Amino acid sequence: MNAPTLPGLEPTAPTPAAIPRPGSRAARMALPRSVDILKEIAAEYGVCVRPLAMRRTDLDTGLTEVIDLPCGATREDKCGPCAKKNRRLRQAQIREGWHRDDEPLPGPEPATEAQKSLILFRAHLEFSRDEAIRAAQWDQVTDIDEAIGEVEEAIAAEGLRGRVGPPHVTEDSDEEPGGRRKRSTKRRQDAPDLPRRKVERRTVGKTYTAPDGSTFRPSMWLTLTLDSYGPVRPDGTPVNPDRYDYRRAAWDAAHFPRLLDRFWQNLRRCEGWNVQYAGCVEPQRRLAPHAHFAIRGTIPRDILRTVAAATYHQVWWPSVDVQRYTLDRLPVWDEQAAAWADPDTGQPLSTWAEALDAIDEDPDAEPVHVVRFGTQVDARGVMPGTNDAERTIRYVTKYITKNTGDCHKATTDRQRKHLDRLWQQLRITPCTDRCANWLLYGIQPKKANAKLKPGRCKGKVHQRDTLGIGGRRILISRDWSGKTLADHKHDVRAWVRALLGTTTDSATASDTGQLIDDQGATTERARHAWELARPDDPDVGPMSHRLMRSISERARWRTELLAAKDRAAQEHSDLSATQHSAQHDGEGTQ
Ligand SMILES: [Zn+2]
Ligand SMILES: [Zn+2]
């Protein structure tokens, strides 16, 4: 029955193990399509396979030119070459921040007198506003709010970063009418039982001195995992599907980002310095998220374990113990009451505010969910510049070009069923306080409106291929490398240019396409106007032609680059046999 399938043929197709008759349809289908090969070569040369045609008009001469910009996709299924390029940039970013021994950002400039007086004035307004509220002088409050708006604009114009305080909640904004809700202390996150220190501004780890006087500054690598939901087999599927806790798995996945935030917050407080990290969230084989991080500096392993064990995130949302409605019997929107109501009795469901009030008033209320890490906390030291460091960076970025759902493809029935059961749970898990799924539990979500569709909320958490991992998957702390990804992009270009010894845009146009934000092109920018070209414009041409041009350009460019590299290496070995230049880590950037 089961004849061995030929490589490249679908196992579903009945395949007599014979070579197709020459000239037959089968024989023709066996020949590779030239357009597929074109795409393959494009990928090989790192040429974007779905470039964006931009029309550049020279404002002096009026000449227009169509230039292909790379699409910049971060996922392989959209565009392999761009996704790989993005991964290389991420690797450069991680490499650069990991073992650095100086603070990435110099401290801010001291405040000027003008800036200080603005903040002082803003403080006075805050005082007056509070007084007006106490005296119930509502018209004054409105006036003061206007003044606050103006002062804050002035503060921003002075070039100060961030807001001086959160905006005041007014009646028609986020919160329910009738004034501010009183938050009971219960919904506050309890602080875990950890030592608390003042957090210094320092982000760089400790330096160690060896007996021979040499210094070294190791860094770390950390993996944080969620708790167990039941024993699993090596293929990630549960040993006993009925007893695997899919509900907890779904809620944990949805709230994992908050748990990670709390971990870093707790760790910094416990350690007393501004610990920096770069890492990513990805699914394990059992489809639960876990996170890998490069940490700058070292932290004792038992501290990492203690902080992980003490860290939790409580979700103070209404209870979801009873699902009161199902997809075939849903609450209905009552136009008159502007509220969702029971389909049979017409009674409006409790509003979000009422549901939260009920929690506040109930002395025995418990959080609807608490997320914690599992006991498995892997941490080890990594020395800068070692193979180990490079390998670890590759490992951290291994899955970032893939969609969450493609990291571990379900290939067996058992795996598909496991994924299905998780997804069924994710579909009915509320993703946020505004999620339409709250209606299933007889509660109107925050800002409820007629358009809500329970079970069909667009939130990423509910989609089958996100596995509940709805947020960002790359997590890099603010003071990691002191650069944004765009800065790193610029570094790559600068390096390539320095090596080529040219500044012609044509040499790098197809590679970077970022002529717009290029610093060297400031004068040029003034002379050119850019716009998106339409795919059917006569001078844009078929995609295959554009791909071929880009590939040819890239191939020539690569030859040039290799030659330049050889020349540089030659000169280097000629010039300095003694001088060590470990500085340049151009490897892997191109
Ligand atoms: Zn692309
Ligand atoms: Zn949702």
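Rules used throughout
Residues numbered from 1 in each chain as written. Chains lettered and ligands numbered in written order. Predicted model: local features only at pLDDT ≥ 70, side-chain atom pairs only at ≥ 80, totals over all residues. Heavy atoms only, no water. Helix = DSSP H or I, 4+ residues; strand = E, 2+ residues; numbered from the N terminus. Buried < 20%, exposed > 50% of the residue type's maximum accessible area, 1.4 Å probe, protein only. Contact = heavy atoms within 4.5 Å. Areas by Shrake-Rupley, 256 points an atom, 1.4 Å probe, with all protein chains shown as cover. Phe/Tyr/Trp six-rings, centres within 6.5 Å; stacked < 30°, edge-to-face > 60°. Lys NZ or Arg CZ within 6 Å of the ring centre and 35° of its normal. Donors = N, O, S within 2.8 Å, 3.2 Å for Na, K, Ca; no water. Tetrahedral: all angles 85-135°; square planar, octahedral: opposite > 155°, others 65-115°. Pairing = 2+ DSSP bridges. Salt bridge = Lys/Arg side-chain N within 4 Å of Asp/Glu carboxyl O. Axes fitted to C-alpha atoms, helices over the stretch in contact; angles between N-to-C directions. Parallel < 35°, antiparallel > 145°, perpendicular 65-115°, else oblique. Left-handed = near helix turned anticlockwise from the far one by under 90°. Patch = residues over 30% accessible without salt bridge, like charges linked within 9 Å, V, L, I, M, F, W, Y side chains within 5 Å. Expected span 1.5 Å × (residues − 1). Bend = angle between axes of the 7 residues up to and from the residue. Arc of directions from axis to C-beta. pLDDT = per-residue confidence, 0-100. Lys, Arg positive; Asp, Glu negative; His and termini not counted. Charge placed at Lys NZ, Arg CZ, Asp CG, Glu CD.

> So what exactly am I meant to see when it comes to the overall build of the protein here?
On a plain count of helices and strands, the protein comes out with 14 helices and 13 strands. When the 590 residues of the protein are sorted by exposure, 40% land in the buried category. Excluding contacts between residues fewer than 6 apart, the proportion of contacts in the protein whose partners are at least 24 apart in sequence is 74%. Approximately 34400 Å² of the protein is accessible, and the part contributed by carbon and sulfur atoms is 52%.

> Honestly, the packing of aromatic side chains in this entry has me stumped. Any pointers?
By convention here, two paired aromatic rings are described through the distance between centres and the angle between planes. Inspection of every chain in the model, using the stated rule, returns 15 aromatic pairs. Each ring, one from Phe263 and one from Phe373, has its centre 5.7 Å from the other, and the planes form 85°; the classification is edge-to-face. Of this pair, Phe263 sits in helix α6 (residues 246–271) while Phe373 is found in strand β11 (residues 369–382), placing the two residues 110 residues apart along the sequence. The residues Phe263 and Phe373 share a single accessibility class, namely buried. Ring-pair connections join several aromatic residues into one group, and the members of that group are Phe256, Phe263, Trp264, Tyr277, Phe293 and Phe373. The positively charged end of Arg296 is found above the aromatic ring belonging to Trp480, 5.3 Å away from the centroid. Its end group placed over the ring of Trp423, Arg427 keeps NZ or CZ at 4.7 Å from the ring centre.

> What should I look at first to understand the coordination of the zinc ion (ligand 2) in this one?
Four donors placed tetrahedrally around a metal ideally meet at 109.5 degrees, and six donors placed octahedrally ideally meet at 90 or 180 degrees. Looking at the zinc ion (ligand 2), the protein donor atoms are Cys431 (SG), Cys435 (SG), Cys457 (SG) and His462 (NE2), and they sit 2.0 to 2.3 Å from it. Classification of the site at the zinc ion (ligand 2) rests on its 4 donor atoms, whose angles at the metal span 104 to 113°, yielding the label tetrahedral. Written as a sequence motif, the donor arrangement for the zinc ion (ligand 2) is C-x3-C-x21-C-x4-H. Of this pair, Cys435 sits in the loop between α10 (413–428) and β12 (474–476) while Cys457 sits in the loop between α10 and β12, and the two are 22 residues apart along the sequence.

> Looking at this structure, I do not really get the pairing of strand β8 (residues 312–315). What am I missing?
Moving residue by residue along a regular strand, the side chains alternate between the two faces of the sheet. Where burial is concerned, the two faces of β8 agree: the one with Tyr312 and Gln314 and the one with His313 and Val315 are both buried. In the sheet, β8 pairs with β11 via 4 bridges, with the strands oriented antiparallel. Of the residues in β11, the one forming a bridge with Gln314 is Val370.

> Hey, could you run me through the pattern of salt bridges in this one?
Proximity of charged atoms lets side chains of opposite charge pair with each other. What the rule picks out here adds up to 18 salt bridges. The salt bridge involving Asp388 is made with Arg380; its shortest N-O contact spans 3.2 Å. Overall, the relative accessible area of 23% leaves Asp388 in the partly exposed class. Classification of Arg380 as partly exposed rests on a relative accessible area of 31%. A salt bridge links Lys446 to Asp433; its shortest N-O distance comes to 3.7 Å. Taken together, the residues span a long stretch of sequence, with Lys446 in the loop between α10 and β12 and Asp433 in the loop between α10 and β12 at a distance of 13 residues.

> Would you explain the packing of helix α4 (residues 113–134) against helix α5 (residues 138–157) in this entry?
Helix-helix packing: each pair is described by the crossing angle between the helix axes and the interaxial distance. Where α4 meets α5, the closest approach of the two axes is 9 Å, and the angle between their N-to-C directions is 165°. Classified by the interaxial angle, the pair formed by α4 and α5 is roughly antiparallel. Once α4 is placed against α5, the crossing between them reads as left-handed. Each of Leu118, Ile119, Phe121, Arg122, Leu125, Glu126, Ser128, Arg129, Ala132 and Ile133 in α4 lies in contact with α5, whose residues at this interface are Trp138, Gln140, Val141, Ile144, Asp145, Ala147, Ile148, Val151, Glu152, Ala154 and Ile155.

> Just checking my understanding: could you explain the sheet that holds strand β6 (residues 277–283) for this structure?
Within a sheet, each strand pairs with its neighbour through backbone hydrogen bonds, oriented either parallel or antiparallel. Spatially, 6 strands are ordered β8-β11-β5-β7-β6-β12 in an open sheet, and the strand pairing comes out antiparallel. Lying at the two open borders of the sheet, with one neighbouring strand each, are β8 and β12. Between one strand and the next, the sheet's axes are offset by a mean angle of 20°, whatever the strand orientation. Pairing analysis gives 3 bridges linking β6 to β12, with the strands arranged antiparallel.

> What is the right way to read the environment of Ala410 from this model?
Tracing the chain through its elements places Ala410 in the loop between α9 (387–396) and α10. Residue Ala410 is classed as partly exposed on the basis of its relative accessible area, which comes to 26%. Sequence spacing of Ala410 and Asp235 is 175 residues, and the spatial spacing of their C-alpha atoms is 9.4 Å. For Ala410, the contacting residues outside a window of four places in its chain are Gln415 and Arg416.

> What is the right way to look at a nonpolar patch on the surface in this model?
On the surface, a cluster of nonpolar side chains totalling about 230 Å² of accessible area is made up of Tyr208, Phe216 and Met383. Looking at the element boundaries, Met383 is found in the loop between β11 and α9.

> I tried to follow α6 on my own but got confused; where do I start?
With 26 residues, α6 should reach 38 Å at 1.5 Å per residue; the first-to-last C-alpha distance of 35 Å fits that figure. At His255, α6 is bent by approximately 55°, the largest bend along its length, and proline Pro257 sits one to four residues beyond. The first or second residue beyond α6 is Gly272, which carries a positive phi of 85°.

> Would you explain α9 in this entry?
Turn by turn, an α-helix covers 3.6 residues, leaving residues three or four places apart pointing in a common direction. Of all the positions in α9, only Ala389, Thr392, Ile393 and Val396 are classed as buried. The buried side chains of α9 occupy one side of the element, clustering within an arc of 100° when seen end-on. In this fold, the buried residues of α9 make contact with α3 (80–98), β5 (219–226), β6, β7 (289–295) and β11.

> Sorry if this is basic, but what is going on with the confidence of the model for the protein here?
Detail in the predicted coordinates should be disregarded across regions flagged by low pLDDT. In this model, the protein carries an average pLDDT of 78, and 82% of its residues clear a pLDDT of 70 or more. Within the protein, the lowest mean pLDDT, 38, falls on helix α12 (residues 505–512), and the highest, 93, falls on β5. Counted against residues more than four places away or in other chains, residues 1–15, with its pLDDT under 50, gives 4 contacts. Scored below 50 in pLDDT, residues 578–590 shows 17 contacts in the model against residues more than four places distant or in partner chains.

> Would you mind showing me how to read the environment of Val204 here?
You can see Val204 is positioned in the loop between α5 and β3 (208–209). Assessed through its relative accessible area of 6%, Val204 is described here as buried. On a C-alpha basis, the gap between Val204 and Thr298 in space is 9.4 Å, while along the polypeptide they are 94 residues apart.

> Got a minute to help me understand the packing of α6 against α10 in this structure?
Put simply, α6 and α10 touch, their axes get as near as 9 Å, and they point 65° apart. For the element pair α6 / α10, the angle class is roughly perpendicular. The chirality of how α6 crosses α10 is right-handed. Counting all contacts with α6, which are made through Tyr246, Arg247, Ala249 and Ala250, the residues of α10 involved are His418, Arg421, Leu422, Gln425 and Leu426.

> Just checking my understanding: could you explain a negative patch on the surface for this structure?
On the surface, Asp139, Asp143, Glu146, Glu150 and Glu153 cluster together to form a negatively charged patch. Looking at where Glu153 falls in the secondary structure, it is placed in helix α5.

> Explain the pairing of β5 here, please?
Across the 8 residues of β5, 8 count as buried, placing the element largely inside the fold. On β5, burial covers both faces: Ser219, Trp221, Thr223 and Thr225 on one face and Met220, Leu222, Leu224 and Leu226 on the other are all buried. With 7 bridges joining them, β5 and β11 adopt antiparallel strand pairing. Following the sheet pairing, Leu222 is matched in β11 by Ala379. Sheet analysis places β5 next to β7, joined by 6 bridges and oriented antiparallel.

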